[in-house]
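Read off the chains here:
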Amino acid sequence: MLEFDRLETTFENKKVVIENGKVAKQADGAIWMQLNDTVVLSTVCYDKNASRDLDFFPLTVEYREKSSAAGKFPGGFFKRETRPSSGEILCSRIVDRSIRPLFPEGFKSEVQVIINVMSYDQVTPPDVLAVNATSLALCISPIPFMCPVAAVRVALFKHDGEFVVNPNDNDLNNAVLELFVSGTRERIVMIEAGANEVSNETFIKSLKFAHEKIIQQIAIQEEFIKMSRNKKEKAAFEVAKIDENFKKEVYDYFFERCNKALRVFDKLERGNAVAAAVDECYKNFIAKAGLSTENKEHKADIEELKKKIKPIFEEVEYDVVREMILKEKIRVDGRKINEIRQITCETSLLPRTHGSALFTRGQTQSLSTVTLGTKKDEQIVESLLEEDTRQKFMLHYNFPPFATGEVKPLRGVGRREIGHGALAEKALSYMIPGEDVFPYTVRIISEILESNGSSSMASICAGSLALMDAGVPVKKAVAGIAMGLITRGEEWEVLTDIAGIEDHCGDMDFKIGGTKDGITGVQLDVKINGLTMPIIEKTVMQAYEGRLHILGIMEKAIAAPRQAISQYAPRITTLQVDTDKIREIIGPGGKMIRSIVEATGAEIDIDDTGKVSIVSVDLEKSQKAIKMITDLVKEVEAGEVYTGKVTRIMNFGAFVEVLPGKEGLVHISELAWTRTEKVEDVCKIGDEMKVKVIEIDNMGRINLSRKELLERPAQPEGSPDAPQQAPRPAGPRPNRDNRGGGGFNRDRGPRR
């Protein structure tokens, strides 16, 4: 039995434990990694036969969070983990993007990485461990892997503060910058970031800081690899060989034709031109091989010949695109290196959505819509944290096959769609106003109607325009731009606003979203073994220039949020009342709140803090509900005038309800300036009466007057017709107990 390897060390004053050979011993590589009380197990396996002839590297990464890791049960009806959540998919993508560039070119065996979170301490992020453990599992396995890669999360909590390494998950909501970086000793491989308008300089500084911490963690990995007794010898693999003479013949024949076709500016026309050149080349070499497409017996040989030729075509296309950029400083669509495609913006396209915008950049187009909802529309997000979180802003990205003129089955949302949507959502989220300013749940849907690169960045631009069209009081407009890279030896060029072919043939996809004042979202993928800091610095500064250009065009379409939300959106009004007034709004058994809902049709929600939310699409009904609630909690004040309803009549006066549940007495002497013999001569039960509060005595009793609001008759002084006031009866005041009666409390005066 093999002895297992164990290394105990520290990183940033936190205990780190790494083990191998104790669990999952039949996997090709398995690493148990613990930081504080968070534990992950990363396993890697590969296909030893490699019998499939593939033109891509089949790598799959599955990251799973076990509910038991945090001492929780899974939500839902079935008490077991089911399909991965969006958070798990995003973490799987982070690990994939961190390791994929570091497999050697030509290695095509299927590799599967499975990462399980076994324990979670509610503070230590498991995604950082996931990358580091996977790197070690690959390094000690027989799977070919170039070098260790490490990850670190860096946070900044004040714009002028210090960077924090691997901050607690609970603290990240307050960060102005949250940065996840993976890298090797020399280069940065992957970036995922969200920021509240941090400057270019601060962002670059954070990357340098992160890389220093990455190097420290790689030193720990190298120490473990060196001491490992279970490390396996790397497997040899063969790269498919091709006859060099045949390759040169195909390359030379196709080069000129491909070079001409790739200089067609329009994407669809260029695609047709390349397809025609490919077809011509196939026909030429099929004929040279003495084969015929008309002969069914030659079918298998023709397919085999095409399979040999296809990689050469791709190499030619790759070389032509790079040669044009590096030597001629021109791109396949005719643009300069830092030139952005033509942009058009349009808002308010859709009459019944709450907000809409169409953003077109070249042949990439996003139609974004905004829907405004209430608190009940918030997304409940289950996670390993003790309490599930609620999400009031979300962006969903859809990429149908017609966007690229293809025919594909429509299936569920893919990982790419989740990843692109999450990036656009992150870039816009920092500009969404708080609940105290805008108490709506906001959902954006970005429908990609056509695509030629940078569709996630188009989603940011269209989403920002749609938010303003919907009347969401966003702080600033946000734009996104995708940057590319072409390298050859020591030569390199950074491309602004990459098209699809430049993404396919290039070395990076560096997406940056932000406002005119700072960065809000970043995502980096590379195809080479990482980026140097000079490349990153040039990319960030060049992207800033492009972002300002896009924002200028967007501002011409809509410069500020609309003053009012759509007439079809629900009106949400919030009131703050004293907590002791909550029961008055609800009423006995919910009677009062039900009566308000029935009378107005509005939705009413009251929380324990006394925050009352009134929701209605109809503004008039909303205002009616607001008045009914404010009347319920309003206190009667002396000197104020009210219009109330007569509720009871006594021989000494009339009781009038001036506010819901609050009534006062209009004494018979206060009904009119002339003498009133009977109360019924002036009013009856159910009549509306305008009254003024003339007194609230020390027992809280409300005395009202009707005559104070009537014009006093002008009579000559001493006239026998001058109005006479009926004197109040001497002795205790009449009882005004709401339960009726006319008796007196002899000991304490009139009863309430």
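Computed from a prediction, not measured in an experiment: that's the story for all the values here.

In terms of helices and strands, the protein carries 13 helices and 29 strands. For a compact globule of 752 residues, the expected C-alpha radius of gyration is about 27 Å, and the protein comes in at 37 Å, more than 25% above that figure. Oriented by its inertia axes, the alpha-carbon framework of the protein measures out at about 135 × 65 × 55 Å. When the 752 residues of the protein are sorted by exposure, 51% land in the buried category. Within the protein, contacts between residues separated by at least 24 positions form 69% of all contacts whose residues are at least 6 apart in sequence. By element, 50% of the accessible surface of the protein is carried by carbon and sulfur atoms, the whole surface being about 37,300 Å². Across the protein, the centroid of the 104 positively charged side chains sits 3 Å from that of the 113 negatively charged ones.

Attention now goes to the state of the cysteines. In the structure shown here, the tally under the stated rule is zero disulfides. Between Cys91, a free cysteine, and Cys139, which holds the nearest cysteine sulfur, the sulfur-to-sulfur gap is 18 Å.

Glancing now at the nonpolar core. Formed by 167 residues in total, the largest nonpolar core has its most connected members in Ile99, Phe103, Leu179, Ile191, Phe203, Phe510 and Leu531. For this core, the element with the most residues is helix 6 (residues 299–328), which contributes 11 residues. Contacts of Ile191, omitting those with residues within four sequence positions, involve Arg97, Leu179, Phe180, Val181, Phe203, Leu207, Phe510, Val522, Gln523 and Leu524. Listed in part, the 17 residues of the second largest apolar core include Leu659, Val666, Cys683 and Leu704.

For Thr539, the location among the structural elements is in helix 10 (residues 533–557). Sequence-distant contacts of Thr539, that is, excluding residues within four places in its chain, are made with Met483, Val494, Met508 and Phe510.

Moving on to the sheet that holds strand 19 (residues 491–496). Taken together, the eight strands give an open sheet; going across it, the order is 8-7-9-10-21-20-18-19, and neighbouring strands pair in antiparallel fashion. The outermost strands of the open sheet, each flanked by one partner alone, are strand 8 (163–165) and strand 19. Ignoring which end each strand starts from, the neighbouring axes of this sheet average 15° apart. Strands strand 7 (150–156), strand 8, strand 9 (177–183), strand 10 (188–198) and strand 21 (519–526) of the sheet are contacted by helix 3 (residues 200–227), whose axis makes an angle of about 140° with strand 7. Strands strand 10, strand 20 (508–514) and strand 21 of the sheet are contacted by helix 7 (residues 415–429), whose axis makes an angle of about 150° with strand 21.

Here the focus is the packing of aromatic side chains. With the rule as written, the count across this model stands at 14 aromatic pairs. Relative to Phe285, the ring of Phe246 lies with its centre 6.0 Å away and its plane at 75°, an arrangement referred to as edge-to-face. With Phe246 in helix 4 (residues 244–261) and Phe285 in helix 5 (residues 267–288), this residue pair connects regions lying 39 residues apart in the sequence. Take Phe246: its relative accessible area is 15%, and that puts it in the buried class. Take Phe285: its relative accessible area is 4%, and that puts it in the buried class. Aromatic side chains Tyr397 and Phe399 sit 6.4 Å apart centroid to centroid with 25° between the ring planes, which places their arrangement in the stacked category. Its relative accessible area of 21% is what places Phe399 among the partly exposed residues.

Turning our eyes to something else, we now look at the pattern of salt bridges. One pass over the full model with this rule turns up 52 salt bridges. Between Arg335 and Asp333 there is a salt bridge; the shortest N-O distance is 2.9 Å. Assigned by exposure class, Arg335 and Asp333 land together as buried. Salt-bridge contacts for Glu435 lead to Lys375; the nearest nitrogen and oxygen are separated by 3.8 Å. Taken together, the residues Glu435 in the loop between helix 7 and strand 17 (441–450) and Lys375 in the loop between strand 13 (364–373) and strand 14 (379–381) connect sequence positions 60 residues apart. Judged by relative accessible area, which is 42%, Lys375 ranks as partly exposed.

What follows covers empty space enclosed by the protein. One pass over the full model with this rule turns up two cavities of 30 Å³ or more. Approximately 110 Å³ is the volume found for the largest cavity. Taken together, Phe11, Val16, Ile18, Met33, Leu35, Val128, Leu129, Asn132, Asn166, Gln217, Ile220 and Gln221 form the lining of the largest cavity. When residues of the lining of the largest cavity are traced back to their parent elements, those giving at least two are strand 2 (14–20), strand 3 (29–35), helix 2 (126–140) and helix 3. Looking at side-chain class alone, the lining of the largest cavity contains eight nonpolar, four polar and no charged residues.

Examined against the element boundaries, Thr202 turns out to sit in helix 3. Separated by 2.9 Å, the side chains of Thr202 and Ser199 make a polar contact. When neighbours within four sequence positions are excluded, Thr202 is seen to be in contact with Leu156 and Phe163.

Take helix 2 next. In an α-helix, one turn spans 3.6 residues; hence positions three or four apart end up facing the same way. Relative to the 21 Å expected for 15 residues at 1.5 Å per residue, helix 2 spans 21 Å between its end C-alpha atoms, a close match to the ideal helical length. With respect to burial, helix 2 is a largely interior element, 15 of its 15 residues being buried.

Once that is clear, we can look at helix 1 (residues 86–99). For helix 1, with 14 residues, the first-to-last C-alpha span of 20 Å sits near the 20 Å given by 1.5 Å per residue. Judged by how many residues are buried, helix 1 sits mostly within the fold: 11 of 14 residues are covered. Inspection of helix 1 places Glu88, Ile89, Cys91, Ser92, Arg93, Ile94, Val95, Asp96, Arg97, Ser98 and Ile99 among the buried residues, and these make up the whole buried set.

The next point concerns unusual backbone geometry. Phi at Glu12 is positive, roughly 55°, even though this residue is not glycine. Within the secondary structure layout, Glu12 lies in the loop between strand 1 (5–11) and strand 2. The exposure class assigned to Glu12 is partly exposed, which follows from its relative accessible area of 34%. Positioned with a positive phi, Lys329 is a non-glycine residue whose angle comes to about 55°. Tracing the chain through its elements places Lys329 in the loop between helix 6 and strand 11 (343–347). Residue class for Lys329 comes out partly exposed when judged on its relative accessible area of 41%.

Residues at a pLDDT of 70 or more form 94% of the protein, whose mean pLDDT is 90. Counted against residues more than four places away or in other chains, residues 729–752, with its pLDDT under 50, gives 43 contacts.

It is worth spelling out the sheet that holds strand 24 (residues 611–616) at this point. Read from one edge of the open sheet, three strands run 22-24-23, paired in antiparallel fashion. The strands lining the two open edges of the sheet, one partner per strand, are strand 22 (571–576) and strand 23 (603–606). Averaged over neighbouring strand pairs, the angle between their axes works out to 15° when direction is ignored. Across four bridges, strand 23 lies against strand 24 in antiparallel orientation. Pairing of Glu603 across the sheet is with Val615, part of strand 24.

The subject of this paragraph is the packing of helix 3 against helix 10. Helix 10 packs onto helix 3 with a crossing angle of 155° between their chain directions and a minimal axis gap of 11 Å. Compared by their axis directions, helix 3 and helix 10 come out roughly antiparallel. Along this stretch, helix 3 crosses helix 10, giving a crossing that reads as right-handed. Of the residues in helix 10, those touching helix 3 at Asn200, Glu201, Phe203, Ile204, Leu207 and Lys208 are Met533, Ile536, Glu537, Val540, Met541, Tyr544 and Arg547. Partitioned by chemical class, the residues of the contact of helix 3 with helix 10 number eight nonpolar, one polar and four charged.

Definitions and limits used
Residues numbered from 1 in each chain as written. Predicted model: local features only at pLDDT ≥ 70, side-chain atom pairs only at ≥ 80, totals over all residues. Heavy atoms only, no water. Helix = DSSP H or I, 4+ residues; strand = E, 2+ residues; numbered from the N terminus. Rg over C-alpha atoms; globule rule 2.2 N^0.38 Å. Buried < 20%, exposed > 50% of the residue type's maximum accessible area, 1.4 Å probe, protein only. Contact = heavy atoms within 4.5 Å. Areas by Shrake-Rupley, 256 points an atom, 1.4 Å probe, with all protein chains shown as cover. Lys, Arg positive; Asp, Glu negative; His and termini not counted. Charge placed at Lys NZ, Arg CZ, Asp CG, Glu CD. Disulfide = S-S within 2.5 Å. Core = buried A, V, L, I, M, F, W, Y, C linked by side-chain atoms within 4.5 Å. Pairing = 2+ DSSP bridges. Axes fitted to C-alpha atoms, helices over the stretch in contact; angles between N-to-C directions. Phe/Tyr/Trp six-rings, centres within 6.5 Å; stacked < 30°, edge-to-face > 60°. Salt bridge = Lys/Arg side-chain N within 4 Å of Asp/Glu carboxyl O. 1 Å grid on protein atoms, 1.4 Å probe; cavity = no way out; pocket = protein on both sides within 12 Å on 5 of 7 lines; lining within 4 Å. Points joined across faces, edges and corners; volume = space filled by probe spheres on them. Nonpolar A, V, L, I, M, F, W, Y, C, P; charged D, E, K, R; others polar. Polar contact = N/O pair within 3.5 Å; in protein donor to acceptor, adjacent residues only side chain to side chain. Expected span 1.5 Å × (residues − 1). pLDDT = per-residue confidence, 0-100. Parallel < 35°, antiparallel > 145°, perpendicular 65-115°, else oblique. Left-handed = near helix turned anticlockwise from the far one by under 90°.

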